[in-house]
Amino acid sequence: MSDDKERTVELHYEGGVLKLPVFTGTEGESTIELKTLLGSTGMTTLDPGFGNTASCSSKITYIDGAAGILRYRGYPIEDLAVHSTFLETAYLVIYGELPEPGQLKEFSEKLRDNSDIPAEMGAFIDAMPRNGHPMTLIASAVNTLAAYYDDSVDPGDENQVELATIRLMAKLPTIAARIYRNSIGEAPIAPDTSLDYVDNFIRMTFGDKAPTGELGELFNKAVGMLLVLHADHELNCSTATVRVVGSSLADIYSSVSAGINALSGPSHGGANQAVLEMLEEIRDSGISIEDFLEKVKAREMRLMGFGHRVYKNFDPRSKEIKVLASQILDRHENPDELFALALKLEAAALQDSYFTERKLYPNVDFYTGVIYRTMGFPTNMFTVLFAIGRLPGWVAHFREQAVDPAFRIARPRQHYIGAAERRYPGQG
Ligand code: CMC
């Protein structure tokens, strides 16, 4: 935030004129500071869904929705998707700079050394309903990390937050894989510290059934790239949730657990599951794409994987994912028929004025599910993969907030439209 007190806007209201400072962001965007509004005028602002409200200043991620730009710490997503790895990107997002080779090695070793979970925690995970949704189960498991590791729950102690950062990053794939294996009635597979982060997760999930050779390498590359593409997305619903919970000085495990729950909804991370279910429904019901789109336009349902609060041109992540999906499906011996259906659905929607007039384009979730399905992940694990990818972002925002001198407990106001004062029966 540039403290450009020279620029102001004037708010003319019944009681007078209030000058409000305008801050200029790194990319020239303007933000009006409203801190004095309530005290000076007695008025609040009403902004449903916070569509116009910046609740903090942040140095982590820049998005220009109109131009389809996404950058982590200044680096374009297109470069990171192709040239970086998930761990390098996670380091960048969390610590602010790309790591030197030695720093990356140290980070990676710390994650390997911490990848196991305590036996009691394994028993706790095994005791949860095995057919429960994995997002519910990982949120619960992550919450209990605060109980297993109460030496790292003080958000005011940077060393404790660092310890918790490593534990969260190291253990989330282990927790997720164990929950998946429980759901299919298979024994858990312990982390293999000789493997890299992504390979280890694939191995803990699929064991001997994990693809090997060229296809195995392609799957590793694809999962790595999808995690990079999901690593942060500034103040989306789940990250805002992590910040809100953290603003009460709750510990990082509780805050991330809350973020996982926020991610689970179909308007947010749950959309990748919803896209797959929608494609299956179109295929199984035999409805034509034209008739399906008519139902969407009649508001009987939404076209899942389309539209975005911020991107009103295209989602830069979806372009990378579409290329990845073609690569995988070209080389797979049983290409998924849902990919072909998704391509047709996208093409039909993009020729329809309902979608173009509302600037509705495919988002990050439109093709992600097709890729995960081809790899053998069940539909209800898709959002878990999103959570593993988004973890660096949640952690980075928690850490940034914890040391931000301007931060206050999150406490929005409301526009009250309920009953005026009235008397309790019998009280006059
Ligand atoms: N299908 C049909 N119509 C839509 C869709 C859609 N997917 N998305 C928005 N619209 C319409 C909406 O009905 C409204 O029309 P009108 O102006 O005539 O009332 C207009 O477009 C604006 O929609 P909105 O609901 O005001 O937009 P929003 O910014 O509040 O919602 C969204 C953004 C992502 C929740 C929404 O586009 C949506 O529900 N998309 C489908 C779910 C989805 O794919 N979510 C993943 C988002 S990207 C990953 C993530 O964030 O986790």
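Near the ligand lie 23 residues; those nearest to it are H268, R299, L303, G305 and R309. Class assignment of the residues belonging to the shell around the ligand gives a composition of ten nonpolar, seven polar and six charged.

Looking now at the environment of G265. Of note, G265 is situated in the loop between helix 11 (252–263) and helix 12 (271–285). Separated by 27 residues in the primary sequence, G265 and S238 place their C-alpha atoms 9.7 Å from one another. Each residue touching G265, except ones within four places of it in the same chain, is listed here: G270 and A271.

Before going further, it helps to spend a moment on the pattern of salt bridges. Tallied over the full model, the rule gives 18 salt bridges. D126 is the salt-bridge partner of R178, the closest N and O atoms lying 2.8 Å from each other. Note that R178 is positioned in helix 7 (residues 158–183) and D126 in helix 5 (residues 119–127), a separation of 52 residues in sequence. For D126, a relative accessible area of 21% corresponds to the partly exposed category.

A positive phi angle, close to 55 degrees, is found at F50, a residue other than glycine. Along the chain, F50 turns up in the loop between helix 1 (37–41) and strand 4 (61–64). With phi around 75 degrees, L249 is a residue other than glycine that occupies positive phi space. Secondary-structure assignment places L249 in the loop between helix 10 (237–247) and helix 11. Of the residues examined, L249 reaches a relative accessible area of 56% and is grouped as exposed.

The next subject is the packing of aromatic side chains. Given two aromatic rings, their pairing is described by the distance between the two centres and the angle made by the two planes. For the structure shown, the criterion picks out 14 aromatic pairs. For the ring pair F306 and F355, a centre distance of 6.0 Å and an interplane angle of 70 degrees mean the geometry is edge-to-face. Of this pair, F306 sits in the loop between helix 13 (289–297) and helix 14 (316–331) while F355 sits in helix 16 (residues 353–357), and the two are 49 residues apart along the sequence. Given a relative accessible area of 1%, F355 falls into the buried group.

Here we take up the sheet that holds strand 5 (residues 69–72). Read across the open sheet, the three strands follow the order 4-5-6; overall the sheet is antiparallel. At either margin of the open sheet sits one strand with a lone partner, and together these are strand 4 and strand 6 (75–76). Relative to strand 6, strand 5 runs antiparallel, the two sharing two bridges. Bridging from a neighbouring strand, R71 pairs with P76 of strand 6.

Strand order in the open sheet formed by three strands is 1-2-3, and the pairing between neighbours is antiparallel. Looking at strand neighbours, the two that pair on one side only are strand 1 (8–13) and strand 3 (30–32), the edges of this open sheet. Each neighbouring strand pair of the sheet contributes to a mean axis angle of 30 degrees, computed without reference to strand direction. Alignment of strand 2 (residues 16–24) against strand 3, held across three bridges, turns out to be antiparallel.

Below, the discussion takes up the environment of P316. Checked against the element boundaries, P316 lands in helix 14. For the pair P316 and M128, spaced 188 residues apart in sequence, the C-alpha to C-alpha distance is 38 Å. Not counting residues up to four positions away in its chain, the partners in contact with P316 are G68, I69, L70, I77, E78 and Y311.

The next subject is the nonpolar core. Formed by 113 residues in total, the largest nonpolar core has its most connected members in I138, I175, M278, L279, L303 and L345. Residue contributions to this core peak at twelve residues, all from helix 7. Not counting residues within four places of it along the chain, the set of residues in contact with L279 comprises L338, L341, A342, L345 and V370.

Turning our eyes to something else, we now look at helix 17 (residues 365–375). Where burial is concerned, most of helix 17 is hidden: ten out of the eleven residues are buried. Along helix 17, the residues that are buried comprise D365, F366, Y367, T368, G369, V370, I371, Y372, T374 and M375. Phi turns positive, to about 105 degrees, at G376, one or two residues after helix 17.

What counts as what
Residues numbered from 1 in each chain as written. Predicted model: local features only at pLDDT ≥ 70, side-chain atom pairs only at ≥ 80, totals over all residues. Heavy atoms only, no water. Near = heavy atom within 4 Å. Nonpolar A, V, L, I, M, F, W, Y, C, P; charged D, E, K, R; others polar. Helix = DSSP H or I, 4+ residues; strand = E, 2+ residues; numbered from the N terminus. Contact = heavy atoms within 4.5 Å. Salt bridge = Lys/Arg side-chain N within 4 Å of Asp/Glu carboxyl O. Buried < 20%, exposed > 50% of the residue type's maximum accessible area, 1.4 Å probe, protein only. Phe/Tyr/Trp six-rings, centres within 6.5 Å; stacked < 30°, edge-to-face > 60°. Pairing = 2+ DSSP bridges. Axes fitted to C-alpha atoms, helices over the stretch in contact; angles between N-to-C directions. Core = buried A, V, L, I, M, F, W, Y, C linked by side-chain atoms within 4.5 Å.

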